[in-house]
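In case you want the letters, here they are:
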Amino acid sequence: MLQNEGRRRLAGKLSVAFTRRGPCCQGCEKEIPVASILEVRDQATLRCDGCATQTWVRAVPTEFAAALPNITHLVGEDPDPLAVSSTNAPEASTFPCPQCGSPVAFDGVRRAYTCRFCSASVHVPDEFVYRGRRKLAADWFLCFDTSVADSAPAAQAVAAGLFDWEEPPVAAVDAEGNLYCAARQVHWCYDDNDDVVNRDDNVLWSVDSSLNVRWIWRDRLDAARFICCVGDRLVLNGAESPSPSWLSSKTGTLVGTPGGAAPIKNLGLSDYSALACDRDGSLLIHKGGRLLRIASDGAEIAVWPGSDSPRDTAEYPLWDWDEPTDRPVRIRGSVSMLYCGSDGSVYMLSELWPDVLVRLDADGRTIYRVELPDQAPDGEHNLLGADLRGNAYVLRASRLVRVGATGAQSTVLQTERDSLPRSKMSIAVCPDGSFWLFGEEGLAWKFDAGGRLLFASEKEPRPRRPTRRELIERKANAVAEAFEEQAKQASAAAAEYSRMAKEQVEAIVEDKRRIERIGCILSILLSVALLLFLSWLLR
């Protein structure tokens, strides 16, 4: 694994996540010096210099040495993993009666109740039984021997095989220029039965501006449809997920929302037409012909500051793309693309009016409505972005258009001149105006604000994945080698059997000859004895 590469596994109801990183304090995440860990001979607690949190460290016991080869120490274990503190005790909760809907109190122990309103027998669902009983394990570490850790591969993004996809990835850039990509990687491999199969891996990763890998999470269960960076958090929405996930932008692990609340499980985001994330962490959604704004805690709030957000939107006029008014809620036609700028501006593209770009300020007032040149490209990839200066970048079929803060347009890239853009591309704009373009087959380019090429993945050495034919040939060669080895073993066994049979035959022949010699000697002796006896009688 690469440095800060993570993977996740599910085994029943158990979720296991592991990553390659240095051991750190469980209080402030300050890295623990490896030298201090190696000094521990049996077990000890190390106190953090920053927050005084104590971390338990022990050397690998001899009875576990065979199961944990090349591992020297265990860091951050819970000394009593079966104990559950009083703070984790189940809280009083209620759930609706399946017959009358009245609240039924649950004490966290019993499974069967009787509704006090309708006297119906109620069985408590598992989600209420196990609520409050989970004990989340803190990060703990297996410290590998330095000879193993030093042999890890390089962390340059292209060399690590991250630029490997068929369709353009979902991407975003944060204020520091770090790139975040969620891509679907397809490759041929062997399954558990050694059959050659086509495997899909949904990979989420981040690199810095020098393309050094910050972290990787492989084997994600759901392909990403939307990703955005808000401060030190990432909001990620899967293609079939009803709610977004909030991740740490530093590690890629699941965290709470910017307000500290736990993410809502179902926001109904499976069928939206456009989604954007504002600077405060709220989600701006176009769904069912109207705009919605959902706070990070899951509550529906006003679309625009100072206005109401009623469920019944009939009182709001139908917002039209031909003559846009301020503070839209109900919109004619489907919004194909939404983007929230760093200043709170909202950029919108329409599916029915693909040549029109509208920009609204944070209060919902129209800044400009411009008609874009060229045709809109096909596909559902991200075609829109904006920098800190309010410049919007819009991908068209044969050009990349920059729309200034007041609506003035200029062409940054053009297919006939720059060979970019191409069909099926997406864009991610950096705060300083530089931008990333992503194409098919793992192609990616980075340009500065003036359109000067800074990076092209096609010019970098990339690891080559084996093709289906190569894997089949490799398997056939392995089978042939196995048959050849078996044939050699069978031939050797046959030769050994022949040798042993020959030796047995020779031994039998030798025994027969020995018996014949003995019989001949006995005959001679018997004849001599008989002659002697006859001569005695004749006397």
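No experiment lies behind these values; they were computed from the predicted model shown.

### What to know about the overall build of the chain
Along its length, the chain carries five helices and 35 strands. Within the span of the chain, comprising 539 residues, buried residues form 37% of the whole. A separation of at least 24 residues holds for 43% of the contacts in the chain among residues at least 6 apart in sequence. As displayed, the chain has an accessible area near 30,700 Å², and 52% of this comes from carbon and sulfur atoms.

### Thoughts on the side chain of R214
Inspection of the secondary structure assignment puts R214 in strand β14 (residues 213–220). Within the buried set, R214 has no salt-bridge partner at all; the shortest N-O distance to an opposite charge, 4.5 Å, is to D174. Within the structure, the side chain of R214 is placed 3.0 Å from the side chain of Y180, a separation counted as a polar contact. Not counting the four nearest positions on each side in its chain, R214 is found in contact with Q3, N4, N178, Y180, S206, V207, D208, S249 and K250.

### Observations concerning the packing of aromatic side chains
All told, the structure shown has 13 aromatic pairs when counted by the stated rule. Ring pairing ties together the aromatic residues F163, W165, W205, W436, F438 and F455, which thus form one cluster. Between the NZ or CZ atom of R225 and the centre of the ring of Y272, over which it lies, the distance is 3.9 Å.

### A look at unusual backbone geometry
Put simply, L420 and P421 share a cis peptide bond, and its omega is 0 degrees. With a phi close to 65 degrees, N70 is a non-glycine residue in the positive phi region. In this structure, N70 sits in the loop between β4 (54–59) and β5 (71–75). Residues other than glycine seldom take positive phi values, yet L211 does so here, at roughly 70 degrees. Structurally, L211 is set in the loop between β13 (196–207) and β14. A relative accessible area of 7% places L211 in the buried class.

### Details of the sheet that holds strand β29 (residues 392–395)
With antiparallel pairing, the four strands of this open sheet are ordered in space as β28-β29-β30-β31. With one partner strand each, in any of the chains shown, β28 (384–386) and β31 (409–414) form the two edges of the open sheet. Put simply, the sheet's adjacent strands are angled 25 degrees from each other on average, direction ignored.

### What about the sheet that holds strand β10 (residues 141–144)?
Strand order in this open sheet of four strands is β3-β4-β5-β10, and the pairing throughout is antiparallel. Lying at the two open borders of the sheet, with one neighbouring strand each, are β3 (43–47) and β10. Here the average twist between neighbouring strands, direction ignored, is 25 degrees. In the sheet, β5 pairs with β10 via four bridges, with the strands oriented antiparallel. The residue bridging I71 from the neighbouring strand is F144, located in β10.

### Examining the pairing of β5
A large share of β5 lies buried, amounting to four of its five residues. Strand direction decides the pairing type here: β4 and β5, joined by three bridges, are antiparallel. Bridge pairing links V57 to V75 in β5.

### As for the nonpolar core
The biggest cluster of nonpolar side chains holds 29 residues, and the ones touching the most others in it are L357, F435 and L437. By residue number, the principal contributor to this core is β29, which donates four residues. Those residues in contact with F435 that lie beyond four places of it in its chain are Y393, L400, V412, L413, I427, A428, V429, C430, W445, K446, F447 and D448.

### Some details on the pattern of salt bridges
Scanning all chains against the criterion turns up 24 salt bridges. The partner of K287 in a salt bridge is D271, and the shortest N-O contact between them spans 3.2 Å. With K287 in strand β19 (residues 283–287) and D271 in the loop between β17 (245–248) and β18 (274–277), the pair connects residues that are 16 residues apart, well separated along the chain. R332 is the partner of D320 in a salt bridge, and the nearest nitrogen-oxygen pair spans 2.9 Å. Of this pair, D320 sits in the loop between β22 (318–319) and β23 (330–331) while R332 sits in the loop between β23 and β24 (335–340), and the two are 12 residues apart along the sequence.

### Some details on the environment of V16
Examined against the element boundaries, V16 turns out to sit in strand β2 (residues 14–19). Sequence-distant contacts of V16, defined by excluding residues within four places in its chain, comprise R7, R8 and R9.

### Considering the side chain of D387
Here D387 shows up in the loop between β28 and β29. There is no salt bridge for the buried D387, and the closest opposite charge comes from R389, which lies 4.7 Å off by N-O distance. There is a polar contact of 3.0 Å between the side chain of D387 and the backbone nitrogen of R389. Once you skip the residues sitting within four places of it in the chain, D387 turns out to touch S342, Y393, V429, C430, P431 and G433.

### Here's the deal with empty space enclosed by the protein
Following the criterion strictly, the structure yields two cavities of 30 Å³ or more and no others. Taken as a whole, the second largest cavity spans an internal volume of roughly 50 Å³. Taken together, P377, D378, H381, L383, L395, R396, P421, R422, K424 and M425 make up the full set of residues lining the second largest cavity.

### Side note on the confidence of the model for the chain
Across the chain, the average pLDDT comes to 84, with 89% of residues at 70 or higher. Counting interchain partners and residues more than four positions distant, the pLDDT-below-50 stretch residues 85–91 has seven contacts.

### Side note on the pairing of β31
Residues in a regular strand point their side chains to alternate faces of the sheet. As defined by bridge partners, strand β30 (residues 399–403) adjoins β31 across five bridges and the pair is classed as antiparallel. Looking at β31, one finds that V403 is bridged to Q409. Taken together, β30 and the strand that follows it, β31, pair antiparallel across an intervening segment of five residues, in which G407 is found at a positive phi of about 110 degrees.

### Focus on a nonpolar patch on the surface
A contiguous nonpolar surface patch, about 660 Å² in accessible area, is contributed by L530, L531, F533, L534, W536 and L537. Within the fold, W536 resides in helix α5 (residues 468–538). What makes W536 exposed here is its relative accessible area of 56%.

### Some details on the environment of E470
With respect to the helices and strands, E470 occurs in helix α5. Residue E470 is classed as partly exposed on the basis of its relative accessible area of 26%. Those residues in contact with E470 that lie beyond four places of it in its chain are R464 and R465.

The rules behind the values
- Sequence order as written defines residue numbering, which begins from 1 separately in each chain.
- Totals for whole chains, interfaces and linings use all residues, but because this is a predicted model, local features are given only for residues with pLDDT of at least 70 and pairs of side-chain atoms are given and counted only at 80 or more.
- Note: side-chain values were computed over all heavy atoms of the structure, leaving out hydrogens and water.
- By the criteria applied, helices consist of DSSP H or I runs no shorter than four residues and strands consist of E runs no shorter than two, each listed in order from the N terminus.
- Each residue gets one of three labels from its accessible area relative to the maximum for its type: buried under 20%, exposed over 50%, partly exposed in between, using a 1.4 Å probe on protein chains only.
- We call two residues contacting when some pair of their heavy atoms lies within 4.5 Å.
- Computed with a 1.4 Å probe, the accessible areas rest on the Shrake-Rupley method; for each residue, only the protein chains presented here act as cover.
- The charge count treats Lys and Arg as positive and Asp and Glu as negative. His and the chain ends do not count.
- Whenever a carboxyl oxygen of Asp or Glu lies within 4 Å of a side-chain nitrogen of Lys or Arg, that contact is scored as a salt bridge.
- We define a polar contact as two N or O atoms separated by no more than 3.5 Å, with the added condition that, inside protein, one atom must be a possible hydrogen donor and the other a possible acceptor, whereas residues neighbouring each other in sequence contribute only through side-chain atom pairs.
- Between the rings of Phe, Tyr and Trp (Trp by its six-membered ring), a pair exists once the centres lie within 6.5 Å; its type follows the angle of the planes, with under 30 degrees stacked, over 60 edge-to-face, and the other angles tilted.
- Lysine NZ or arginine CZ positioned within 6 Å of the ring centre and within 35 degrees of the ring normal marks a charge as sitting over the ring.
- When DSSP finds two or more bridges between a pair of strands, those strands are recorded as paired.
- Under this scheme, a helix contributes an axis fitted over its contacting stretch, all axes are lines through C-alpha atoms, and angles between N-to-C directions fall in the 0 to 180 degree range.
- Only buried Ala, Val, Leu, Ile, Met, Phe, Trp, Tyr and Cys residues count toward a nonpolar core, and they belong to the same one when joined by side-chain atoms within 4.5 Å.
- Method remark: on a 1 Å grid restricted to protein atoms, a set of points is classed as a cavity if a 1.4 Å probe fits but cannot get out and as a pocket if it is open with protein on both sides within 12 Å along at least five of seven lines; lining residues have an atom within 4 Å of a point.
- Grid points are joined across faces, edges and corners, and a volume is the space filled by probe spheres set on the points.
- Per residue, pLDDT captures the predictor's confidence, and it can take any value from 0 to 100.
- Each patch is built from residues lacking any salt bridge and having more than 30% relative accessible area; the joining distance is 9 Å for like charges and 5 Å for nonpolar side chains (Val, Leu, Ile, Met, Phe, Trp, Tyr).

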